[in-house]
Amino acid sequence: MSENPLRPMGRRERSKQRVRENIYAAALTLFAEQGYDSTTVDQISERADVARGTFFNYFPRKEDLVTAWATERQRKLEERMEKTMRDAPDDVTVHLELCMAALADFNEAERDVTPAMLTAWVKAGRPLMEEPYAGRVFADIIAAGQRSGQIAPGIDPLRVGNVVRDAYLGILYRWSQNPGGQAPLRMELRELLRVILTGVLSYAQRGWTSAPALPSPQDPVPAAGRAVTRPDS
């Protein structure tokens, strides 16, 4: 009989999990305080109150903490969007907004550590080596929009998803490196969606008299495929 994957963890497993979580939390605290590059394994071990060898039992390399950070964010995003896609209205714009809101929430909740971890993630070349999971999440939303007729059928969902993901990372990097000097991340990401969903061509060239004002943080982003109302209509 196969082992039940949902069985409760035993005492030893719980103990190992606590040690791992303690090391990880100590590392993130130190990264926020003094930066990733300036933090040593010895400092992390001391803060976590474990032996140096114990650290390497859980994280064979210091860089594995970056992997753990990225993996945890991926897990949280996938869990949030799985629920969103199941419970939210069948509207591609709503789903994209909720995905951006989730990403903003994750980063703003870790405002102190995000700059250090994001810089380490980029320096390690992870954007090139790792699967672009955020791009896949965006692509799934775009594909669902195609099936419901909200997105043009000729669009490649994966290509669009990766474009949105790349733009998100650019905004995130600038935001993380300039604390307090920019608009809130959530607003920046909503503006990104507005540009992607409505385009950047001059409204005058389309025969319209003026472009609509930018949405406030409380206003909904125009829905994909929905024509913007002309001022004279």
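Residues numbered from 1 in each chain as written. Predicted model: local features only at pLDDT ≥ 70, side-chain atom pairs only at ≥ 80, totals over all residues. Heavy atoms only, no water.

Caption draft 1: Fine view of the overall build of the chain. Along its length, the chain carries 10 helices and zero strands. Across the chain, helices and strands are ordered from the amino to the carboxyl terminus as α-α-α-α-α-α-α-α-α-α. The buried share among the 233 residues of the chain stands at 39%. Long-range pairs, those at least 24 residues apart, make up 67% of the contacts in the chain between residues at least 6 apart in sequence. Total accessible area on the chain stands at roughly 13600 Å², and carbon and sulfur atoms take up 53% of it. (Helix = DSSP H or I, 4+ residues; strand = E, 2+ residues; numbered from the N terminus. Buried < 20%, exposed > 50% of the residue type's maximum accessible area, 1.4 Å probe, protein only. Contact = heavy atoms within 4.5 Å. Areas by Shrake-Rupley, 256 points an atom, 1.4 Å probe, with all protein chains shown as cover.)

Caption draft 2: View of the packing of aromatic side chains. Per the stated rule, a full pass over the model turns up three aromatic pairs. Note on Phe-31 and Tyr-36: the rings are 5.0 Å apart at their centroids and 55 degrees apart in plane angle, and the pair reads as tilted. The exposure classification of Phe-31 matches that of Tyr-36, with both residues buried. Both rings, one in Phe-55 and one in Phe-59, keep their centres 5.9 Å apart while their planes meet at 40 degrees; by these two values the pair is tilted. Owing to a relative accessible area of 0%, Phe-55 belongs among the buried residues under this scheme. Note on Phe-59: relative accessible area 1%, which makes it buried. The lysine or arginine in question, Lys-62, covers the ring of Tyr-36, its NZ or CZ lying 4.2 Å from the ring centre. Here the guanidinium or amino end of Arg-111 rests over the ring plane of Trp-175, the centre of that ring lying 3.8 Å away. (Phe/Tyr/Trp six-rings, centres within 6.5 Å; stacked < 30°, edge-to-face > 60°. Lys NZ or Arg CZ within 6 Å of the ring centre and 35° of its normal.)

Caption draft 3: Structural view of the packing of helix α4 (residues 64-87) against helix α5 (residues 92-109). Contact pair α4 / α5: the axes reach a minimum separation of 10 Å and the direction vectors enclose 150 degrees. As summarised for this structure, α4 and α5 are arranged roughly antiparallel, according to the angle between their axes. In the packing of α4 onto α5, the handedness of the crossing is right-handed. On α5, the residues touching Arg-73, Lys-76, Leu-77, Arg-80, Met-81, Thr-84 and Met-85 of α4 are His-95, Leu-98, Cys-99, Ala-102, Leu-103, Asp-105, Phe-106 and Asn-107. A per-class count over the contact of α4 with α5 returns eight nonpolar, three polar and four charged. (Axes fitted to C-alpha atoms, helices over the stretch in contact; angles between N-to-C directions. Parallel < 35°, antiparallel > 145°, perpendicular 65-115°, else oblique. Left-handed = near helix turned anticlockwise from the far one by under 90°. Nonpolar A, V, L, I, M, F, W, Y, C, P; charged D, E, K, R; others polar.)

Caption draft 4: Broad picture of the packing of helix α8 (residues 133-147) against helix α9 (residues 157-177). Following both chains from N to C, one finds α8 and α9 inclined at 135 degrees, their axes separated by 7 Å at the closest point. One element, α8, and the other, α9, form an angle in the oblique class. Considering only the axes of α8 and α9, their crossing is right-handed. Judged by residue contacts, Ala-134, Gly-135, Phe-138, Ala-139, Ile-142, Ala-143 and Gln-146 of α8 engage Pro-157, Leu-158, Val-160, Gly-161, Asn-162, Val-164 and Arg-165 from α9. Looking at the contact of α8 with α9 residue by residue, the class counts come to nine nonpolar, four polar and one charged.

Caption draft 5: Highlighting the pattern of salt bridges. Evaluation of the coordinates by the stated rule reveals 13 salt bridges. The partner of Arg-136 in a salt bridge is Glu-78, and the shortest N-O contact between them spans 2.4 Å. Taken together, the positions of Arg-136 in helix α8 and Glu-78 in helix α4 put the pair 58 residues apart, joining distant regions of the chain. Overall, Arg-136 belongs to the partly exposed group, its relative accessible area being 26%. Salt bridges sharing common partners tie together Glu-72, Arg-75 and Glu-79. (Salt bridge = Lys/Arg side-chain N within 4 Å of Asp/Glu carboxyl O.)

Caption draft 6: Representation of the environment of Asp-42. Structurally, the position occupied by Asp-42 is in helix α2 (residues 41-48). The sequence separation of Asp-42 and Arg-52 amounts to 10 residues, and the corresponding C-alpha distance is 6.3 Å. There is a polar contact of 2.7 Å between the side chain of Asp-42 and the side chain of Arg-52. (Polar contact = N/O pair within 3.5 Å; in protein donor to acceptor, adjacent residues only side chain to side chain.)

Caption draft 7: Molecular detail of unusual backbone geometry. Its identity as a non-glycine residue notwithstanding, Asp-49 has a phi of 60 degrees, on the positive side. In this fold, Asp-49 is placed in the loop between α2 and α3 (52-58). Judged by its relative accessible area of 71%, Asp-49 falls in the exposed class.

Caption draft 8: Quick peek at α2. Along α2, the residues that are buried comprise Val-41, Ile-44, Ser-45 and Ala-48. For α2, the angular spread of buried residues about the axis comes to 100 degrees, placing them on one side. Buried residues belonging to α2 abut α1 (11-34), α3 and α4. Among the residues trailing α2, Asp-49 stands out with phi positive, at a value near 60 degrees. (Arc of directions from axis to C-beta.)

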